[in-house]
Amino acid sequence: MSTAVDLIYPTIPVRTGMTRHIYAGTLIIVTLILSLPLFAVISSFLIPVPDIWHHLLETVLKEYVLNSLILMLGVAGLTLVLGIIPAWLVTMCRFPLSRTLEWALLLPLAMPAYIIAYTYTGILDTSGPVQTLLRDFTGWQYGEYWFPEVRSIGGAITMLSFVLYPYIYLISRAAFIEQSICALEVARTLGCGPYKTFFRVALPLARPAIIVGLSLVLMETLADYGTVQYFGIATFTTGIFRTWFGLGSSAAAAQLSALLMLFIAALIYLEYRSRKQQRYHHTSNRYSTLTQKRLRGKNAVFAGILCCLPALLGFLVPVIFLIKWAWLTYGKIVDEQFLSLMWNSIMLAASAAVIATVLALFMAYGKRRISNPFTRFAVNLSGMGYAIPGTVIAVGVMLPFAWVDKLIDGFFRTHFDYSTGLLLSGTLVAVMFAYIARFLAVSLKTVDAGLAKIKPSMDEAGRSIGLKPSTLIRKVHMPMMRGSLLTAVLLVFVDVLKELPATLILRPFNFNTLAIRAYELANEERLADAACPSLAIVLVAIVPVIYLSRSISMSRPGHDYSA
Amino acid sequence: MYMKYRLLLVLSSSILLGPQCQAQNTEVNIYSERKEELIQPLLDRFIADTGIKVNLVTGEGDALIKRLEIEGRNSPADILLTTDVARLYRAKSLELLQPISSDELVNAIPANFRDGEGYWYGLSLRSRVIVYAKDRVNPEQLPTYEAMINPEWKGRICVRSSSNPYNQSLVASMIARNGIEATQAWASGLVKNFARSPRGGDRDQIKAVAVGECDIALVNTYYLGGMLHSDIDDEKQAAEKVALFWPNQNDRGAHFNISGAGISRSAKNQDAAIRLLEFLSGDEAQAWYAEMNHEFPVRPGIAVSDTLQQWGSYIADDINLDQLGQYNADAVRLMDRAGWK
């Protein structure tokens, strides 16, 4: 941990004039650099494409917008239910399997959305095992019975919710664990039943945290391309690519992306405004041991089933089918190259996770200490990339990189008659930059939430008893931030592991990852062959996910989990 | 003094940047829309034969074209390999390709499957055909693409989304042959005959026919071939319930697209790149496309796999493939208007 502190320490601003200015300056420069891809996307408005807009408005735009809205609403509703209820139950109650479910509920996080979509289509399709069994069993023919269609907007909502609810679960559980038990006890003594306590006290207290999770979920939903494209649902994102690839206008595609970004920005702003009027604070810092209520009988069974379902459907069922397919194909798919794929994936994900978290710390501290509208705007801007489809971000990364390369190349050509070619474009530096531009939102929001727990009064108390800033950070901030930092690292790790489009288009020659391998095979509609790399992604992602879950369980102050 | 610095700079930068900017004539760099699985084995053979190193990046066709465009004259790519002719046309019109002349390529590849000026060359053929349920459809009833809008097919047709480039190129070919208005009417009629709103990939359409959700579907041939050889039993059984029909055999022939390649304008390893294209159009590689991915060889007279043979002989539409690129955007607009999702 001490190395991490050394790494972070230089990023903590001190309240002396000069360092403060330097810090603010660096902060703004860094955020501007990180926002370059966004500016590249926005700058597309300089190229007017009126006839394409005319065509879009006349034909498909309404459908794109409508479908995207339905998708957002559906995913928001379903992830909230799938995330919050199990989080509350496993935190507050004991019932069969509840200890296992604490971490098992996070497992779907390891599953890329397009993989779960392909898998469920294979399972539930008219020619899949479930319907075939149904027909064999009942003697019905196709068309004589009703069966839900996977490849529909409802199916897309379900698939995306299965893999995205863990964000809500993770964050709301952390919030429930941190809640002072006193507030809940007071509520109970004032005559609230368990339901009323949950809805009137616990839920409002956790609201800011849940909103953070929900905004991540919605941004990822809007950026999703693989699932909706496969299901044939015309959303805003598929529209972006259709405009680019089909109509051949990358400018109009970038303009659509910019609109998407504005929409997200507006949503975030609205939420921020609506929260301003209500503030929720814990009035007491006394944490007594959480006594989990032991559920019995019908209640225990009900709670068990309710909490099992998301983990079962979001993880176990697809994994079982993937294993079945992998069993058929591993001989030809897993070769010596496969190990290097795994290594590439882990290496990229780990470095991106560390960099994104350190940057997030730097920015979150900056926003805390130098709180003027300009820094706040700069920091919020750099988190916008999460809502933009990866391919569009990738083009936004290529433009500034190629510009710098051209500048250097031109300089060397004129002065030394020597061409340096491309120095940064087509290297892992570009890939890494795209990851940060896209996933900074995840680490930033997580670190921000962690930092918010440290009240300025604690800093003042520390300083007044003569702690140096570095000691303050080591003794007060780090222990309180540890959980949030870990969460940030691991969430970005898992996200990068699953990331596809930006890696695909920016990577150097002869460089592949597990996600690319899985996608290429699945995209050729070779589901069985795609099973091995998909399983490998899941396996690699599971380790940090379980670790994350355990560390959250242990993070409650005053809670001895070894007991 | 100045000289000294100059030398130092050049030296240090070449060490720092490594092999990336050293032009070597013993390697070729490819941007490929063909998936690694479907090209790497061929490249490995080329490497073994010639000792020329081949570097590969795969990705979406238009994204690769964008990368080529942004990288400009510094792009390391020598070859752009795509799975559909409209991308090659687009790359050509963005001035990202250069014309090359190679007698071997010209002799190997029929004139309608390569660019007249030598900007790009077709390497394998992919046909979009009709598959039908053997037990419910009499193939005599299925003469042409155009006839699919007849009322007897109401509620019986499956096809994937119009975002798919192969659908776009089929419609582009119809615009080229029949004009925009007739094709607009055709697309609207087709949408009316859909059994379900478009979803899934080509294999899903075949499965839907097999199970009875629809009776005919528009698919690319190699997906059917892949299913017939699938590791999953369900897929195999589904594929065996359907048969392939070559449309328009009494007039212009079935619609064919190509996977093909061109040499980038910025290519630094031209000779090696041309040798690779020649290899990809050679006997060994041509037979491999058919064997591994059930694509048709672009070269006439290559022995094809049993699977392809059992589909019988066909007449291919000999349209100028450039037109598929020219009408691509029109095709998309037209399908938008027709409500083909």
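Residues numbered from 1 in each chain as written. Chains lettered and ligands numbered in written order. Predicted model: local features only at pLDDT ≥ 70, side-chain atom pairs only at ≥ 80, totals over all residues.

### So, the overall build of chain A
Phase 1: Scanning chain A from N- to C-terminus turns up 24 helices and two strands.
Phase 2: Taking 563 residues into account, the globule formula puts the C-alpha radius of gyration at 24 Å, and chain A, at 25 Å, falls close to it.
Phase 3: If one aligns the C-alpha atoms of chain A with their principal axes, the spans along those axes are about 80 × 65 × 50 Å.
Phase 4: Buried residues in chain A amount to 49% of all 563 residues.
Phase 5: For chain A, contacts bridging at least 24 residues in sequence account for 83% of all contacts bridging at least 6. (Helix = DSSP H or I, 4+ residues; strand = E, 2+ residues; numbered from the N terminus. Rg over C-alpha atoms; globule rule 2.2 N^0.38 Å. Buried ≥ 20, exposed ≤ 12 C-beta atoms within 10 Å, placed from the backbone. Contact = placed C-beta atoms within 7 Å.)

### Some points on helix α4 (residues 85-93) of chain B
Residue and element names in this part refer to chain B.
Phase 1: Across the nine residues that make up α4, a large majority, eight, are buried.
Phase 2: All of the buried residues along α4 are Val-85, Ala-86, Arg-87, Leu-88, Tyr-89, Arg-90, Ala-91 and Lys-92.
Phase 3: Glu-95 sits one or two positions beyond α4 and adopts a positive phi of about 60 degrees.

### Describing the interface of chain A and chain B
Phase 1: With 57 residues of chain A in contact, the opposing surface of chain B contributes 56 residues.
Phase 2: If you list the elements that add at least two residues to the side of chain A that touches chain B, you get α12 (226-231), α13 (236-246), α15 (297-333), α18 (390-416), α22 (501-506) and α23 (514-523) of chain A.
Phase 3: Element by element, the count of residues in the side of chain A that touches chain B is highest for α18(A), at nine residues.
Phase 4: Classifying every residue of the side of chain A that touches chain B gives 23 nonpolar, 23 polar and 11 charged. (Nonpolar A, V, L, I, M, F, W, Y, C, P; charged D, E, K, R; others polar.)

### Remarks on the pairing of strand β1 (residues 27-32) of chain B
Residue and element names in this part refer to chain B.
Phase 1: With six of six residues buried, β1 lies mostly within the body of the structure.
Phase 2: Of the two faces of β1, the one lined by Glu-27, Asn-29 and Tyr-31 and the one lined by Val-28, Ile-30 and Ser-32 are each fully buried.
Phase 3: Relative to strand β2 (residues 53-58), β1 runs parallel, the two being bridged by six bridges. By the bridge assignment, Val-28 is partnered in β2 with Val-54.
Phase 4: Since β1 and β2 lie parallel, the crossover through helix α2 (residues 40-50) that links them has a hand, and here it is right-handed.
Phase 5: Pairing of β1 with strand β3 (residues 79-82), which is carried by three bridges, proceeds in the parallel orientation. From the neighbouring strand, Ser-32 faces β3, where its bridge partner is Leu-81. (Pairing = 2+ DSSP bridges. Right-handed = clockwise from strand over helix to strand, strands pointing away.)

### Things to note about the nonpolar core
Side chains that are nonpolar tend, in soluble globular proteins, to be buried together.
Phase 1: Ranked by internal contacts, the top residues of the largest apolar core, which has 275 residues, are Ala434(A), Phe439(A), Val492(A), Val131(B), Ile206(B), Val209(B) and Ala217(B).
Phase 2: Considering every element that reaches this core, the biggest residue donor is helix α9 (residues 153-178) of chain A, with 17 residues.
Phase 3: Shared between two domains, this core holds at least three residues of each, these being domain 1 (24-125 + 258-302) and domain 2 (126-255 + 316-338) of chain B.
Phase 4: With residues up to four places along the chain from it excluded, the contact list for Ala434(A) reads Ile393(A), Ala394(A), Val397(A), Ala502(A) and Leu506(A). (Core = buried A, V, L, I, M, F, W, Y, C linked by C-beta atoms within 7 Å. Domains from an automatic or database assignment.)

### Comments concerning the domain arrangement of chain B
A common way to express how large an interface is: the accessible area buried when the components associate.
Residue and element names in this part refer to chain B.
Phase 1: Here chain B is partitioned into domain 1 (24-125 + 258-302) and domain 2 (126-255 + 316-338).
Phase 2: Across the contact, 15 residues belong to domain 1 and 18 residues belong to domain 2.
Phase 3: At the level of secondary structure, the elements contributing two or more residues to the side of domain 1 that touches domain 2 comprise α4, β5 (120-133) and β9 (255-264).
Phase 4: With four residues, the top contributor of residues to the side of domain 1 that touches domain 2 is α4.
Phase 5: Looking at the side of domain 1 that touches domain 2, its residues break down into seven nonpolar, five polar and three charged.

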